[in-house]
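Fold and geometry: a report
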Amino acid sequence: MKHRRRTRLVAILLALCAAQGAEAEVVGTNRNAELDELSGLAVSRRNPGVLWAHNDSGDAPQLFAITPAGALLGTYTLAGAAAVDWEDMAIGRDPDGGADYLYVADIGDNARVRPGIDIYRVREPAVDPSLHGTSNTLDRVERLRFVYEDGPHNAETLLVD
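Here is what the cut-offs are and how they apply
Residues numbered from 1 in each chain as written. Predicted model: local features only at pLDDT ≥ 70, side-chain atom pairs only at ≥ 80, totals over all residues. Heavy atoms only, no water. Helix = DSSP H or I, 4+ residues; strand = E, 2+ residues; numbered from the N terminus. Polar contact = N/O pair within 3.5 Å; in protein donor to acceptor, adjacent residues only side chain to side chain. Buried < 20%, exposed > 50% of the residue type's maximum accessible area, 1.4 Å probe, protein only. Pairing = 2+ DSSP bridges. 1 Å grid on protein atoms, 1.4 Å probe; cavity = no way out; pocket = protein on both sides within 12 Å on 5 of 7 lines; lining within 4 Å. Points joined across faces, edges and corners; volume = space filled by probe spheres on them. Nonpolar A, V, L, I, M, F, W, Y, C, P; charged D, E, K, R; others polar. Axes fitted to C-alpha atoms, helices over the stretch in contact; angles between N-to-C directions. Salt bridge = Lys/Arg side-chain N within 4 Å of Asp/Glu carboxyl O.

Regarding the side chain of aspartate 94
Summarising the element assignment, aspartate 94 is placed in the loop between strand S5 (86–93) and strand S6 (100–106). In this structure the side chain of aspartate 94 is engaged in a polar contact, spanning 3.1 Å, whose partner is the backbone nitrogen of aspartate 96.

Structure follows, in structure tokens:
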């Protein structure tokens, strides 16, 4: 199952490149044992050369700061959050203050039994690219609770505008 998800992610990225007329280029490989079921990925706005990533279901509520080459810079636990079935993440700007926020989507529900879904919002932290493997806790995590009007759904993607 994990191999199929990675294959799907690669296929989507290749399709996006082809749609833009760009050629795909491998710049790194994930070799982090902690990131064993990569599900969400976002490019940092605050930290040049940093990608944010998380695992799918079954992991702790944590994000990983990695380099484009795949090196682990740090692990960031979201205080007070749960990770039932994290599927995706995105970065969005605060319309009032202009700060960048990470949005993590706990929206997976393959069996379609969850009464609601959660999206966690936290201000994007600064990452020191010279430090590798640090552990941090992010406070002031907001939980945005949603309920589908017509009952449970399984979702795989989060877009922030």
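Further notes follow.
Here we look at the pairing of S5
The buried fraction of S5 is high, at 7 of 8 residues. Relative to S6, S5 is paired through 7 bridges, and the arrangement is antiparallel. Paired with isoleucine 91 across the strands is leucine 102, a residue of S6. Here S5 folds back onto S6 in antiparallel fashion, the turn holding 6 residues, of which glycine 98 has a positive phi close to 85 degrees.

With respect to the layout of surface pockets
Put simply, the second largest pocket is a space of about 170 Å³. Lining of the second largest pocket is provided by Tyr101, Arg121, Val122, Arg123, Pro125, Leu138, Asp139, Arg140 and Glu142. Broken down by class, the residue content of the lining of the second largest pocket amounts to 4 nonpolar, no polar and 5 charged.

Thoughts on the sheet that holds strand S9 (residues 142–146)
One open sheet accounts for 4 strands, arranged S5-S6-S7-S9; its pairing is antiparallel. At either end of the open sheet lies a strand with only one pairing partner, and these are S5 and S9. Strand-to-strand twist of the sheet, defined as the mean angle between neighbouring strand axes without regard to direction, takes the value 20 degrees.

A word on the sheet that holds strand S3 (residues 62–66)
The strand order across the open sheet built from 5 strands is S1-S2-S3-S4-S8, with neighbouring strands paired in mixed fashion. Both edges of this open sheet fall to strand S1 (38–43) and strand S8 (134–138), since each of them pairs with a single strand only. Direction aside, neighbouring strands of the sheet carry axes that sit 25 degrees apart on average. Across 5 bridges, S1 lies against strand S2 (residues 51–55) in antiparallel orientation.

Focus: the pattern of salt bridges
All chains considered together, the criterion is met by 7 salt bridges. Here aspartate 106 and arginine 114 are joined by a salt bridge, their closest N and O atoms 3.1 Å apart. Judged by relative accessible area, aspartate 106 falls into the buried class, the value being 0%. Residue classification places arginine 114 among the buried residues on the basis of a relative accessible area of 12%. Put simply, arginine 121 and glutamate 142 hold a salt bridge, and the shortest N to O gap is 2.6 Å.

Some points on the environment of aspartate 150
Within the secondary structure layout, aspartate 150 lies in the segment after S9. At a separation of 2.8 Å, a polar atom in the side chain of aspartate 150 contacts the side chain of histidine 153.

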